[in-house]
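Secondary and tertiary structure notes
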Amino acid sequence: MRTAKFKIGQVVRHRVYPFRGVIFDVDPTFSNTEEWWNAIPEDVRPSRDQPYYHLLAENAETEYVAYVSEQNLVPDMTGEPLRHPQLDEIFAENSDGSYIPRSIGMH
């Protein structure tokens, strides 16, 4: 089992799709439903044996919660603030723009 590359409170973006978000939880390996797994086209389906991240995600149109494999995430270096409506429930914002969890034990 690998150690997670990203941490809770880190802002990341998807490697392929145009969305970004802040990590609020991490699963050491895939821990979602079979229905979710089978909905991913087989030719782009990531390995189950890697960390998966729960994100407060957003794109140009909307905000939502995303579940993304580690291989599909990269750090977001834009420094732009996030607008997700649940952000203030889970995180406090540091003066440098990073996010700190308000409490431990989300999952």
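Residues numbered from 1 in each chain as written. Predicted model: local features only at pLDDT ≥ 70, side-chain atom pairs only at ≥ 80, totals over all residues. Heavy atoms only, no water.

Turning to the overall build of the protein chain, a few remarks are in order. Scanning the protein chain from N- to C-terminus turns up 2 helices and 7 strands. Ordered by position in the sequence, the α and β elements of the protein chain form the string β-β-α-β-β-β-α-β-β. Over its C-alpha atoms the protein chain spans a radius of gyration of 14 Å, differing by no more than 12% from the 13 Å that the globule rule assigns to 107 residues. Overall size of the protein chain, expressed as C-alpha extent along the three principal axes, is 40 × 30 × 20 Å. In the protein chain, which comprises 107 residues, the proportion classed as buried is 39%. In the protein chain, once contacts between residues fewer than 6 apart in sequence are set aside, the share between residues at least 24 apart is 53%. Only carbon and sulfur atoms are counted for the fraction: they give 51% of the accessible area of the protein chain, which is about 6700 Å². Each charge class in the protein chain can be summarised by its mean position, and for the 10 positive and 17 negative side chains these summaries are 6 Å apart. (Helix = DSSP H or I, 4+ residues; strand = E, 2+ residues; numbered from the N terminus. Rg over C-alpha atoms; globule rule 2.2 N^0.38 Å. Buried < 20%, exposed > 50% of the residue type's maximum accessible area, 1.4 Å probe, protein only. Contact = heavy atoms within 4.5 Å. Areas by Shrake-Rupley, 256 points an atom, 1.4 Å probe, with all protein chains shown as cover. Lys, Arg positive; Asp, Glu negative; His and termini not counted. Charge placed at Lys NZ, Arg CZ, Asp CG, Glu CD.)

We now examine the sheet that holds strand 3 (residues 52-58). Taken in spatial order, the 5 strands line up as 4-3-2-1-5 in an open sheet, and their pairing is antiparallel. Taken across any chain shown, the strands that pair with only one partner, and hence form the sheet edges, are strand 4 (63-69) and strand 5 (73-75). Sheet twist, expressed as the average angle between the axes of neighbouring strands with direction ignored, equals 45°. As paired elements, strand 3 and strand 4 share 7 bridges and run antiparallel to each other. Bridge pairing in strand 4 links Ala57 to Tyr64. (Pairing = 2+ DSSP bridges. Axes fitted to C-alpha atoms, helices over the stretch in contact; angles between N-to-C directions.)

What is shown is where atoms sit, not what they do.
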